[in-house]
Amino acid sequence: TLRTPYLQQWGLNAQYQVTPATLVEIGYQGTKGSRLATQRLINQPLLASASAPVNGETTNTAANAPLRVPYVGFSPTGLVWLETSTDSRYNSLQASVTRRLAKGVRFLTAYTWAKALDNNSGSATGATFTQTDGDQIRPSLNRGPSDFDRTQRLVVNFSYQLPSAKLPKRIFAGWQVAGVAIVQSGTPVSILDTSGAALFGTSNSRASWAPGATMATAMKTGRTQDRLDEYFNKAAFARAGNLWGDTGRNILRGPAQSNIDLSINKTVAITERLNAEIRGEFFNLFNVANFANPGGSITAASYATIRSTTGNPRV
């Protein structure tokens, strides 16, 4: 029953020329992936009872999980089923201001407000991904923000040529400053319980909500540096127990990130046909520490803490 995956794209865009060199653009862009390949572990144990026994079993324990499987003789994780049953959706508002090179100034400012949803995000190599931290019989419960989803992203790139006409040319001619600045939301985080769902023959479930807890009580505010030891509220989540946890996939959001790269260069004319360039490049100019996501496993020592950074220090 495998079918060919396909992708649909659509959009609406408006542009307005403010000046001969400046263009303002705003639009909507959407995509939908259909019949996407995914894998499920289809030998997940069934819950038994006296009125509805499974393979003769009337009770549910971690020990008898291999006896309550649909396909006896295979382990609960021993059968992997490939199917083209999921989809992905992406919707975004995109705005930009573009200025062509005029009077020595060129820049592009682009802002995106977007949301990407799927059942599993696969990998950069295109390999099919097996969702293992949720109910395999109800894969719709695994639907949530894509692992790579960033709600907001602002990118500015620019260049400026020093106006040497009004300055001593030997000193100031040929200088140019250029840079790229990025500010973006963090990526999603799931809260896992590696001791949960024991009745289903696995050790990897999402955690549960603590009584009375909500998204509002789970998230903390303030600088990331001030909450490295507890980025979100630990008390908002509880162990899943022997069943599946009731939290969704990728419900929290990691730290935002920013970066500025800058280059300064001067072109020196040696002959009419030969130039030399003196160039300095600064990556992560202000040495901003971009923090990685906090630990999401409720049973780990790193739970809710941030122990590393992402990206490079200033170079």
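All of these numbers come straight from a predicted model, not from anything done at the bench. (Residues numbered from 1 in each chain as written. Predicted model: local features only at pLDDT ≥ 70, side-chain atom pairs only at ≥ 80, totals over all residues. Heavy atoms only, no water.)

Colleague: Which parts of the structure should I look at to understand the side chain of Q44?
Modeller: Mapped onto the secondary structure, Q44 falls in the loop between β2 (22-41) and β3 (80-102). Given the relative accessible area of 5%, Q44 is considered buried. Leaving out residues up to four positions away in the same chain, Q44 has contacts with P70, P76, G134, D135, Q136, I137, F200 and W244. (Helix = DSSP H or I, 4+ residues; strand = E, 2+ residues; numbered from the N terminus. Buried < 20%, exposed > 50% of the residue type's maximum accessible area, 1.4 Å probe, protein only. Contact = heavy atoms within 4.5 Å.)

Colleague: It is not clear to me how the pairing of strand β6 (residues 152-161) should be interpreted in this structure. Could you clarify?
Modeller: Remark: a regular strand shows side chains that alternate across the two faces of the sheet. For strand β4 (residues 105-118) and β6, the ladder comprises nine bridges, and the chain directions are antiparallel. Its bridge partner being in β6, A110 is matched across the sheet by V155. Summarising the sheet, β6 and strand β7 (residues 175-184) pair through nine bridges and their orientation is antiparallel. Residue pairing for β7: F158 is matched across the bridge by G179. (Pairing = 2+ DSSP bridges.)

Colleague: Which parts of the structure should I look at to understand a nonpolar patch on the surface?
Modeller: On the surface, Y160, L162, W175, I264 and F282 cluster together into a nonpolar patch covering about 390 Å² of accessible area. By the secondary structure assignment, W175 is in strand β7. (Patch = residues over 30% accessible without salt bridge, like charges linked within 9 Å, V, L, I, M, F, W, Y side chains within 5 Å. Areas by Shrake-Rupley, 256 points an atom, 1.4 Å probe, with all protein chains shown as cover. Salt bridge = Lys/Arg side-chain N within 4 Å of Asp/Glu carboxyl O.)

Colleague: Please clarify how the packing of aromatic side chains should be interpreted in this entry.
Modeller: Remark: the centre distance and the inter-plane angle together describe each pair of aromatic rings, the angle taken between the planes. Throughout the structure, instances matching the rule amount to four aromatic pairs. Where F200 meets W244, the ring centres are 5.1 Å apart and the plane angle is 20 degrees; that geometry is what we call stacked. Taken together, the positions of F200 in the loop between β9 (192-193) and β10 (205-206) and W244 in the loop between β12 (237-238) and β13 (252-253) put the pair 44 residues apart, joining distant regions of the chain. Seen in terms of ring centroids, F232 and F237 are 5.9 Å apart; in terms of plane orientation they differ by 90 degrees. Their pairing is edge-to-face. In this structure F237 comes out as buried when scored by relative accessible area, which is 6%. Members of the aromatic cluster, each reached through a chain of ring pairs, are W209, F232, F237 and Y303. Between the NZ or CZ atom of R227 and the centre of the ring of Y231, over which it lies, the distance is 4.2 Å. (Phe/Tyr/Trp six-rings, centres within 6.5 Å; stacked < 30°, edge-to-face > 60°. Lys NZ or Arg CZ within 6 Å of the ring centre and 35° of its normal.)

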